[in-house]
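Secondary and tertiary structure notes
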Amino acid sequence: MRCLSGKFVLAVIFAGMVLCASSGFAQAWRPLFDGKTLDGWHVRGGTAEYHIEDGAIVGTTVKGSPNTFLCTESDYGDFVLEFEVKCDPALNSGVQVRSRVTKENRVFGYQAEIAAARTASAGSIYDEGRRGRWVYLIPKDSPAAKAYKDDDWNQYRIACTGPRIQTWINGVPCTDTIDTLDTTGFIGLQVHSVGGDPKLQVRWRNIRIRELGRHVWRPLFDGKTLAGWHTLPGGNWEVRDGVIVATSPASEARHGLLVSDAAYGDFTVRLQFKALKGNSGFYFRSQKSNDGVGVHGFQAEIDASNDVGGLYETGGRAWVIQPKSEDVAKYFKPGEWNDMSVHANGRHIVVHVNGTKTAELIDDPGRLQGHFALQLHGSQDMEIMFRNVEILQAQTCTAHIPFNGSDLKTWKLKGGRNMSDGKWVVGTAAISSADPKQLVSKGGAGEMINLAERNGQSIDIFSTETFGDARIEVDVMVPQGSNSGVYVMGEYEIQVLDSWGRDKMGSGDMGAVYGAAPPPKNASKRPGEWQKYVIDVNAPRYDAAGNKIANMELAKVQLNGVILHQNLVLPGPTPGGVSGREAAKGPIMFQGDHGPVAYRNIRITEFTDAK
């Protein structure tokens, strides 16, 4: 057992780089910037200016602007990102990863620092707009502190896998850190605020990404029962309103334990706790013992007042890391709900409480597998509560292009109808010069066009491929007054409508989840213009017996760069789907019986639980 050393960091980073490059589940490299346009990017935060010059994105400061970010439309989870950057030495900048934006248009999340060589901080990770502090700051005496070159192009590489974030500059390893606050989010190019009006610039080029999948949180506690857990003598455990409530009197000498039925090796777990009375802990890699404490193993310390976030080994070394009381006072909230996460990968262990890293071991010699357990300490008056106990699940990713741009051989009409019964063709769509309410095909290829002239003249069309958890990207063109819909998994409709110019939006307007949730604002473009949806879907989940254990969730619905819905849970299908029944996977369907519409650039990235 020892503290984090520079040599070990370099070894770990190099190993991670090789792993990412050789992953069998990784997708091919994709450019995020085509060198010519800002398609796929949107400005958030401030008013700094972005333009293209000599194949590079150029960001220029604007007087009085807060921090500004040019952000990707899509969110990314696990990936390797590479780019080159050249920044005025008088300007601070950065690249956001796994980031988000508030309703007030403020970007927050992890930032890979871009800064002048004199700062020795380039390649560090800063938490922008949230904690407002370094997640990892490069030691000034490390080789990484000298990796960045002023007045020159610098090659950056950022790798994110699960809770792990790594950076390199010009091939030099800079950051290797664990943080569990976010595992997905957009990428953003920052132009920092400045005093005065110096017109400083930062340039990016050769921006590309290789997706590796993502990690998602899954419940270890269902919020209703103690299924998947068992108790060991001592104390009382019950579920009230989605909370595990644990109590024990001081007269009870035995420790009380709620133990996971399953054993775990490497993992990342997060939970919320409220410690009202006495001493507790989250045990991991523990084994049952035949003494009064019930189990032996590591515990991340939970207490009503002291030592929270430390590491204690019951039946072994006792305190391994005991935090100072003055440090605990900075991050622990007595009598309130607190967030805790524990990450264990091999012999590397990291504990966070309320976003602060409270303990870290790099090569701990302890046990590598065992059970989780929630503790009630014996011989103390105890009252502890737990909720939202979750574990990170790795998912691989596969990119699907359900429309090949040349024919409709992998598509079917709803109701088993023949393709000749519908009005779907492949070509290039345009608004009719004779009637702005109609579409025409100008020949060519690349677009799915429904040439229906009126309601009921054509039929809904769906892919033969089916998808579960996914990110859906699709362009849509709708003429004046027309109506269609994107049916996610064939059953949940995201509305397509000519809603241009409307002030009040309803549950049938463009961007609505039909009949369930109207869009909070009108993000529509004029009829006849191409518009883009990016839809992040978490499919309903079922247990081995076929019982639904989680509802379908629209994690994010974005239209033309405007976020319309987030974390919207749907208990059942919307009207008009393929079958009206939910399933773990389903096709993508486009409504065709309500009028003319065209679709193109359909890309579905599917995420599947890793074995």
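Residues numbered from 1 in each chain as written. Predicted model: local features only at pLDDT ≥ 70, side-chain atom pairs only at ≥ 80, totals over all residues. Heavy atoms only, no water.

Re the overall build of the protein
Scanning the protein from N- to C-terminus turns up two helices and 45 strands. The C-alpha atoms of the protein give 27 Å as radius of gyration, which agrees with the globular expectation for 611 residues (25 Å, within 12%). Considering only intrachain contacts with a sequence separation of at least 6, the fraction spanning at least 24 residues in the protein is 65%. Carbon and sulfur atoms form 49% of the exposed surface of the protein, whose accessible area is close to 25000 Å². Both charge centroids of the protein, one from 66 positive and one from 68 negative side chains, sit 2 Å from each other. (Helix = DSSP H or I, 4+ residues; strand = E, 2+ residues; numbered from the N terminus. Rg over C-alpha atoms; globule rule 2.2 N^0.38 Å. Contact = heavy atoms within 4.5 Å. Areas by Shrake-Rupley, 256 points an atom, 1.4 Å probe, with all protein chains shown as cover. Lys, Arg positive; Asp, Glu negative; His and termini not counted. Charge placed at Lys NZ, Arg CZ, Asp CG, Glu CD.)

Thoughts on the sheet that holds strand β21 (residues 279-288)
Taken in spatial order, the seven strands of this open sheet run β16-β19-β28-β21-β22-β23-β24, and their pairing is antiparallel. Two strands bound the open sheet, and with one partner strand each, they are β16 (229-232) and β24 (318-321). In this sheet, adjacent strand axes meet at a mean angle of 30° when their direction is disregarded. As paired elements, strand β19 (residues 256-264) and strand β28 (residues 370-376) share six bridges and run antiparallel to each other. What sits directly across from L257, in β28, is Q375. (Pairing = 2+ DSSP bridges. Axes fitted to C-alpha atoms, helices over the stretch in contact; angles between N-to-C directions.)

A short note on the packing of aromatic side chains
Geometrically, a pair of aromatic rings is defined through the distance of the ring centres and the angle of the planes. Taken as a whole, this structure holds 13 aromatic pairs when the rule is applied. Ring geometry for F284 against F298: centres 5.6 Å apart, planes inclined by 20°, an arrangement best described as stacked. Here the residue F284 occupies a position in strand β21, and F298 occupies one in strand β22 (residues 295-303), the gap between them amounting to 14 residues. Taking relative accessible area as the criterion, F284 reaches 0% and is therefore assigned buried. Members of the aromatic cluster, each reached through a chain of ring pairs, are Y264, F267, F282, F284, F298 and F372. We note R44 situated over the ring of F186; from NZ or CZ to the ring centre the distance is 5.8 Å. R130 extends its terminal NZ or CZ atom over the ring of Y110, reaching a point 5.7 Å from the ring centre. (Phe/Tyr/Trp six-rings, centres within 6.5 Å; stacked < 30°, edge-to-face > 60°. Buried < 20%, exposed > 50% of the residue type's maximum accessible area, 1.4 Å probe, protein only. Lys NZ or Arg CZ within 6 Å of the ring centre and 35° of its normal.)

Section: the side chain of E301
Along the chain, E301 turns up in strand β22. An unpaired buried charge is present at E301: no salt bridge exists, and R317, the closest side chain of opposite charge, is 14 Å distant. Polar side-chain contacts of E301 include one of 2.3 Å to the side chain of N279. Every residue in contact with E301, bar those within four places of it in the chain, is listed here: N279, S280, G281, N306, D307, V308, G309, G310, Y312, W319 and M340. (Salt bridge = Lys/Arg side-chain N within 4 Å of Asp/Glu carboxyl O. Polar contact = N/O pair within 3.5 Å; in protein donor to acceptor, adjacent residues only side chain to side chain.)

A short note on the pattern of salt bridges
Considering all chains together, one arrives at 35 salt bridges under this definition. Linking R285 and D266 is a salt bridge whose minimum nitrogen-to-oxygen distance equals 3.1 Å. Separated by 19 residues along the polypeptide, R285 in strand β21 and D266 in the loop between β19 and β20 (267-277) bring together distant segments of the chain. Through salt bridges with shared partners, a single network forms among R100, D127, R130, R131, D179 and D182.

Focus: the confidence of the model for the protein
Do not read the predicted coordinates in detail wherever pLDDT is low. Confidence in the prediction for the protein averages 95 pLDDT; 96% of positions are at 70 or higher. Within the model, pLDDT remains below 50 along residues 1-24, and this stretch shows 38 contacts once partners closer than five positions in the same chain are excluded. (pLDDT = per-residue confidence, 0-100.)

So, the nonpolar core
Burial of nonpolar side chains together is a common tendency in soluble globular proteins. Core analysis: the largest hydrophobic core is formed by 43 residues, its most contacted members being L81, F83, V95, I114, W204 and I207. Among the elements of the structure, β6 (78-87), β7 (93-101), β8 (107-114), β10 (134-136), β11 (154-161), β12 (164-169), β14 (186-191) and β15 (201-219) are those that each provide at least two residues to this core. (Core = buried A, V, L, I, M, F, W, Y, C linked by side-chain atoms within 4.5 Å.)

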